[in-house]
Amino acid sequence: MLYTPILLLATALQLSTTPSFEEQVIDAEVAIGYGVAIGDVDGDEKPDILLADKKAFVWYRNGDWKKFVMAENLTVSDNVCIAARDLDGDGKVEVAVGAQWNPGETSETEKSGAVFYLIRPSDPTQKWTPKTLHHEPTTHRMRWIKSGETAHLIVVPLHGRGNAGGEGAGVKVIAYEFPSDPAGDWKYEIIEESMHLTHNLEVIGEESKNSILIGGKEGVMFLKNQGSNWKKEKINLPTNPSVGELRLGRSSKNRKFLTTIESIHGTTLVAYEGLDQNLNSEELERIVLQTQLKEGHALVAADFLGIGSDQIAVGWRLPNEAGEFGVKLFVPKNGSFSEFEEHWIDKNGMACEDLQAADLDGDGKPELIASGRSTKNLKIYWNKSK
């Protein structure tokens, strides 16, 4: 495994903490790297890395980063997404996956889309057993959420059934209730179908009071589980943009910000400031941070530098006009992106398909984990910032 130091120097806005990351390649033979998830697979109290690759769902053991195949060749078409989270409190993640990625087929369920729950073996390094769940065509993204003692798997297709070009029926966002016996029947319901083309979702809120934000053609939708029903509310963003990626970040003074990539597979990185803890705002300020992405496809908001407000890491997968692609970090000054610094994390070494943040070594500082499409790699960027 390649292990290369990367040093990111502070520039004009002298920071008390200098961004510094060390790159480690843990897999140089990734087929596509559609999606990354983080969680403790083997119960050793250390977060592992899970990957939805082209034909296999795999995990990498924290420490030696040895790769284990959980399931492979579940469908004819590619895998596309993965969700991992400890739902029952045993210290080990439950895992769901999406496959049969065929975005051009929006009508026939046999030819497009698949959802599986992976039943854990006694030894997690061996193959897991897939449990087939209901699905809609163009299954694209999924995440686990919890509300009190109840957990749901939220699955979001790319298109509505029968759609063409984002026009037609609404996308059926599905909430599957996690059952006491995952090998048995799963109840599910359609919780939203007003959006016509979606791309990603974000889990927000406290551990036991999770809600979700969904980004797509019509902007951002807020969905909150209220027991017997789901509250739905559109977040009104200036310019009413199409949103591909989205993350909720923490700014100073007990406020939050929303960061987005616009449009879907777009060029523009934006921060919206002015949200309170309940995502309310009389007026949001739209701050454009970057307009030179090409197929922007990955986004993270976290406090990598320990400065009390989150920074934004963004990844894109094709060379822009300057011939550049990779991962960059945007650092706000005094808790606001009205002034910011911009730092390369990986220049031209990561055609970024997905990006996650997690503290992998227990030092209290989150690392970045990225999967690359044309670069066919999976990397950890170890946070060495001081």
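A quick note: this is a predicted structure, and the numbers were derived from the prediction, not measured.

**Overview of the overall build of the protein chain**
Here is step 1 of the chain: Each helix and strand counted, the protein chain has 0 helices and 29 strands in total.
Here is step 2 of the chain: Computed over the C-alpha atoms, the radius of gyration of the protein chain is 20 Å, within 12% of the 21 Å expected from 2.2 N^0.38 for a compact globule of 386 residues.
Here is step 3 of the chain: Its C-alpha atoms give the protein chain principal-axis dimensions of roughly 60 × 50 × 40 Å.
Here is step 4 of the chain: The long-range share in the protein chain, meaning contacts at least 24 apart out of those at least 6 apart in sequence, stands at 48%.
Here is step 5 of the chain: Surface exposure of the protein chain reaches about 15500 Å², of which carbon and sulfur atoms provide 46%.
Here is step 6 of the chain: Computing the positive centroid from 41 side-chain charges and the negative centroid from 57, the protein chain places the two 1 Å apart.

**Structural notes on the pattern of salt bridges**
Here is step 1 of the chain: Taken as a whole and assessed by the stated rule, the structure comprises 21 salt bridges.
Here is step 2 of the chain: In this structure, K172 engages E193 in a salt bridge whose closest nitrogen and oxygen atoms are separated by 3.1 Å. Of this pair, K172 sits in the loop between β12 (150–157) and β13 (173–177) while E193 sits in the loop between β14 (188–192) and β15 (198–204), and the two are 21 residues apart along the sequence.
Here is step 3 of the chain: Judged by relative accessible area, K172 falls into the partly exposed class, the value being 25%.
Here is step 4 of the chain: Classification of E193 as partly exposed rests on a relative accessible area of 43%.
Here is step 5 of the chain: One continuous salt-bridge network, built from bridges that share partners, spans E295, R317, E353 and R373.

**Overview of the side chain of S112**
Here is step 1 of the chain: In this fold, S112 is placed in the loop between β8 (94–99) and β9 (114–119).
Here is step 2 of the chain: A distance of 3.0 Å separates a polar atom in the side chain of S112 from the backbone oxygen of N102.
Here is step 3 of the chain: Not counting the four nearest positions on each side in its chain, S112 is found in contact with Q100, N102, E105, H135, E136, P137 and T138.

**Regarding the state of the cysteines**
Here is step 1 of the chain: Inspection of every chain in the model, using the stated rule, returns 0 disulfides.
Here is step 2 of the chain: In this model C81 remains outside any disulfide bridge; the closest cysteine sulfur is found in C352, 17 Å from its own.

**A short note on empty space enclosed by the protein**
Here is step 1 of the chain: The tally for this structure, following the rule as stated, stands at 1 cavity of 30 Å³ or more.
Here is step 2 of the chain: Considering only enclosed or pocket space, the largest cavity measures out at about 30 Å³ in volume.
Here is step 3 of the chain: Around the largest cavity, the lining residues are L213, I235, L248, L258, L275 and L279.
Here is step 4 of the chain: Of the residues that constitute the lining of the largest cavity, the class distribution is 6 nonpolar, no polar and no charged.

Criteria and cut-off values
- Residues numbered from 1 in each chain as written.
- Predicted model: local features only at pLDDT ≥ 70, side-chain atom pairs only at ≥ 80, totals over all residues.
- Heavy atoms only, no water.
- Helix = DSSP H or I, 4+ residues; strand = E, 2+ residues; numbered from the N terminus.
- Rg over C-alpha atoms; globule rule 2.2 N^0.38 Å.
- Contact = heavy atoms within 4.5 Å.
- Areas by Shrake-Rupley, 256 points an atom, 1.4 Å probe, with all protein chains shown as cover.
- Lys, Arg positive; Asp, Glu negative; His and termini not counted.
- Charge placed at Lys NZ, Arg CZ, Asp CG, Glu CD.
- Salt bridge = Lys/Arg side-chain N within 4 Å of Asp/Glu carboxyl O.
- Buried < 20%, exposed > 50% of the residue type's maximum accessible area, 1.4 Å probe, protein only.
- Polar contact = N/O pair within 3.5 Å; in protein donor to acceptor, adjacent residues only side chain to side chain.
- Disulfide = S-S within 2.5 Å.
- 1 Å grid on protein atoms, 1.4 Å probe; cavity = no way out; pocket = protein on both sides within 12 Å on 5 of 7 lines; lining within 4 Å.
- Points joined across faces, edges and corners; volume = space filled by probe spheres on them.
- Nonpolar A, V, L, I, M, F, W, Y, C, P; charged D, E, K, R; others polar.

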